[in-house]
Amino acid sequence: MMTSSSSKSSSHGLEHAVAGAISGFVTRCICQPLDVVKIRFQLQVEPIADHHVSKYRSLVQAFYTIVKEEGVSALWKGHIPAQVLSVVYGMGQFYSYNIFMKASNRFAFSNEWPYPTKFVAGAGAGFVGTVVSFPFDTIRTRLVAQSTIRPAYKGITHCCSCIVKHESPKVFFNGLLPTLLQIIPHSGLQFAFYGFFSDAYKKYRNETDVSFYNSMVSGSVAGLLAKTAIYPFDLSRKRLQIQGFRDARRGFGTFFECTGLVDCLRVTVKVEGVRGLFKGLLPSQLKATATSALHFTVYEQSLIALKALRSRQQ
């Protein structure tokens, strides 16, 4: 039977999961258009340049082209699976991060090396969140990548059934390796940077708790630095997720083909140069800055609200 102490601990842990889910939901609603543009850039083989005949040539032109050809709603294409992805990932990430940090308190090094400890806990949290939410990421990518004129899928259920029927359930995890190679250090760096800048902000402002502005500033800087460091793996993940998806990509330019992570990186550099590994970096940085700021801020504020609600009920 669960003791009163363990019951309270479980309840408090659930608050972190709920706050993480709320954070993922709100962040996704606001930042989805940047994610759509980023994915379109990542999947385009032709250069992203004004002087080229590429379909997408700049951030502003990409937004204009998508709205003109597909309507404003296209900026939220794949939004439902993306929401499920964000909610599941947010729950898994923040819940497991809380557990890992509590476990680290048993060891002396957690006080002596606070930011490396946050990095390890954040990396583990990123791993857990990614594995449990990854199938939704594959579905989201395919729905965003398909042409509105010649759509391959009618929705989430149809996408799932087509993948299982015509390809393989393993396809849901295509690109998992580069995703983990990306997410593990990215999540670790995010939490470590957030902890560092949050503590620095509190020291500078002489605050004891993490304020709204602290979360916004620390989260945005943490997101920008972490995303830039691991970006080539993010690009590889998207390109691997559309393999076997050639027909629905007609009208978007040359179809990128590869057989795995290493081959994806090799072909990208060979065909597009080293700069090709950073295609879509600007919208990705903008998205990462906004997403991380919102992610941590909404999480912190939701956690405060949930704790206040619990206190009133006791």
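The name an unreviewed UniProt entry gives the protein chain is Mitochondrial thiamine pyrophosphate carrier-like, with Ceratina calcarata as the organism. UniProt, in the comment section headed Sequence similarities (unreviewed entry), describes the protein chain in these words: "Belongs to the mitochondrial carrier (TC 2.A.29) family."

Peer 1: Quick question: what am I supposed to make of empty space enclosed by the protein here?
Peer 2: To find leftover empty space, a probe the size of one water molecule is rolled over the atoms. Within the structure shown, the criterion is met by one cavity of 30 Å³ or more. Empty space within the largest cavity amounts to approximately 540 Å³. What lines the largest cavity is a set of 30 residues, among which Arg28, Tyr89, Ile183, Lys287 and Thr291 lie closest to the centre. Looking at the lining of the largest cavity, the elements with two or more residues in it are α1 (4-43), α3 (79-104), α5 (114-145), α7 (176-205), α8 (212-241) and α10 (281-313). With seven residues, the top contributor of residues to the lining of the largest cavity is α1. Here the lining of the largest cavity is composed, by residue class, of six nonpolar, 15 polar and nine charged.

Peer 1: Which parts of the structure should I look at to understand the layout of surface pockets?
Peer 2: Reported here for the largest pocket is a volume of approximately 610 Å³. Along its surface, the largest pocket is lined by 22 residues, and Lys118, Tyr194, Val210, Tyr299 and Glu300 are the ones closest to its centre. Within the residue set of the lining of the largest pocket, elements represented by two or more residues are α3, α7 and α10. Among the residues making up the lining of the largest pocket, the classes are represented as ten nonpolar, five polar and seven charged.

Peer 1: Before we go on, may I ask you to explain the confidence of the model for the protein chain in this structure?
Peer 2: Any residue range with low pLDDT should be treated as having predicted coordinates unsuitable for detailed reading. Considering every residue of the protein chain, the mean pLDDT works out to 85; 91% of them sit at 70 or more. The weakest mean pLDDT in the protein chain belongs to α1 at 78; the strongest belongs to α7 at 91. Residue range residues 1-8 is modelled with pLDDT below 50. Its contacts to residues more than four positions away, or to other chains, number one contact.

Peer 1: Looking at this structure, how should I read the packing of α7 against α8?
Peer 2: Between two packed helices, what matters for the description is the angle formed by their axes and the separation of those axes. Two numbers describe how α7 lies on α8: the axes approach to 8 Å, and their chain directions differ by 170°. By the angle between their axes, α7 is roughly antiparallel relative to α8. For the pair α7 and α8, the sense of crossing is right-handed.

Peer 1: It is not clear to me how the side chain of Arg239 should be interpreted in this structure. Could you clarify?
Peer 2: Of note, Arg239 is situated in helix α8. Only 2.6 Å separates the side chain of Arg239 from the backbone oxygen of Gln42, close enough to count as a polar contact. At a separation of 2.7 Å, a polar atom in the side chain of Arg239 contacts the side chain of Glu272. If near-sequence neighbours (up to four positions away) are discounted, Arg239 is found in contact with Gln42, Leu43, Gln44, Val45, Phe256, Cys264, Thr268, Glu272 and Lys279.

Peer 1: Is there a simple way to explain the side chain of Ser187 in this structure?
Peer 2: Along the chain, Ser187 falls in helix α7. For Ser187, a relative accessible area of 0% puts it in the buried group. Separated by 3.1 Å, the side chains of Ser187 and Gln93 make a polar contact. Not counting residues up to four positions away in its chain, the partners in contact with Ser187 are Tyr89, Gln93, Gly122, Ala123, Ala125 and Gly126.

Peer 1: Got a minute to help me understand the packing of α7 against α10 in this structure?
Peer 2: Interaxial distance between α7 and α10 falls to 12 Å at its minimum, and their mutual angle equals 65°. Comparing the axis directions of α7 and α10 gives the class roughly perpendicular. Note on packing geometry: the crossing formed by α7 with α10 is right-handed. Only Ser292, Phe296 and Glu300 of α10 make contact with α7, whose side of the interface consists of Gln190, Phe191 and Tyr194. A per-class count over the contact of α7 with α10 returns three nonpolar, two polar and one charged.

Peer 1: Is there a simple way to think about the nonpolar core in this case?
Peer 2: The tendency in soluble globular proteins is for nonpolar side chains to be buried side by side. Membership of the largest hydrophobic core comes to 15 residues, with the highest contact counts inside it found for Val37, Phe41, Leu43, Tyr56, Ala62, Ile66 and Ile242. Contributing elements (two or more residues each) for this core: α1, α2 (59-70) and α5. Among the elements that make up this core, the one with the highest residue count is α1 (five residues). By size, the runner-up hydrophobic cluster in this structure holds twelve residues, among which are Phe94, Tyr97, Tyr194 and Leu303.

Peer 1: Got a minute to help me understand α5 in this structure?
Peer 2: Since the α-helix packs 3.6 residues into each turn, any two residues three or four apart lie on the same face. For α5, spanning 32 residues, the distance from its first C-alpha to its last is only 41 Å, which falls clearly below the expected 46 Å at 1.5 Å a residue. Ser133 marks the point of greatest bend in α5, at about 60°, and the proline Pro135 comes within the next four residues.

Peer 1: So what exactly am I meant to see when it comes to the pattern of salt bridges here?
Peer 2: Enumeration over the complete set of coordinates arrives at 18 salt bridges. Linking Arg28 and Asp35 is a salt bridge whose minimum nitrogen-to-oxygen distance equals 3.0 Å. Per residue, the accessibility class of Arg28 equals that of Asp35, and both read buried. Here Arg140 makes a salt bridge to Asp35, at a shortest N to O gap of 2.2 Å. With Arg140 in helix α5 and Asp35 in helix α1, this residue pair connects regions lying 105 residues apart in the sequence. Classification of Arg140 by relative accessible area gives buried; the value is 3%. Each of the salt bridges in this network shares a partner with another, and the network as a whole consists of Arg28, Asp35, Lys38, Asp137, Arg140, Lys227, Asp234, Arg237, Lys238 and Lys287.

Procedures and definitions
- Along each chain, numbering runs from 1 in the same order as the chain's sequence is written.
- The model is predicted, so local features are restricted to residues of pLDDT at least 70 and side-chain atom pairs to those at 80 or more, both for listing and for counting; the totals for chains, interfaces and linings are taken over all residues.
- Side-chain metrics in this entry use all non-hydrogen atoms of the structure; hydrogen atoms and water are not considered.
- UniProt positions are given in the numbering used here, feature names are shortened, and annotations may be inferred rather than shown by experiment.
- Think of a 1 Å grid over the protein atoms and nothing else: a 1.4 Å probe that fits but is trapped marks a cavity, an open set flanked by protein within 12 Å on at least five of seven lines marks a pocket, and residues with an atom within 4 Å of a point count as lining.
- Grid points are joined across faces, edges and corners, and a volume is the space filled by probe spheres set on the points.
- Helix numbering and strand numbering both begin at the N terminus, where a helix is a DSSP run of H or I of at least 4 residues and a strand a DSSP run of E of at least 2.
- Nonpolar residues are Ala, Val, Leu, Ile, Met, Phe, Trp, Tyr, Cys and Pro. Charged residues are Asp, Glu, Lys and Arg, and all others, Gly as well, are polar.
- Each residue gets a pLDDT score, which is the predictor's confidence in that residue and runs from 0 to 100.
- Residues count as neighbours in contact if any of their non-hydrogen atoms are within 4.5 Å of one another.
- Fitted lines through C-alpha atoms give the axes, limited to the stretch in contact for helices. The angle between two N-to-C directions lies from 0 to 180 degrees.
- When an angle is under 35 degrees it counts as roughly parallel; over 145 it counts as roughly antiparallel; between 65 and 115 it counts as roughly perpendicular; any other value is oblique.
- For a crossing to be left-handed, the near helix must be turned anticlockwise from the far one by less than a right angle; the clockwise case is right-handed.
- Whenever two N or O atoms come within 3.5 Å, that pair is a polar contact, provided that in protein one can donate a hydrogen and the other can accept it, and provided that, for residues adjacent in sequence, both atoms are side-chain atoms.
- Partly exposed residues are those whose accessible area sits between 20% and 50% of the maximum for their type, while under 20% is buried and over 50% is exposed, using a 1.4 Å probe and protein chains only.
- The set of buried Ala, Val, Leu, Ile, Met, Phe, Trp, Tyr and Cys residues whose side-chain atoms join them within 4.5 Å is what this entry labels a nonpolar core.
- What a helix should span is 1.5 Å times the count of its residues minus one.
- A residue's bend is given by the angle between axes fitted to the 7 residues ending at it and the 7 residues starting at it.
- When a carboxyl oxygen of Asp or Glu lies within 4 Å of a side-chain nitrogen of Lys or Arg, that pair is called a salt bridge.

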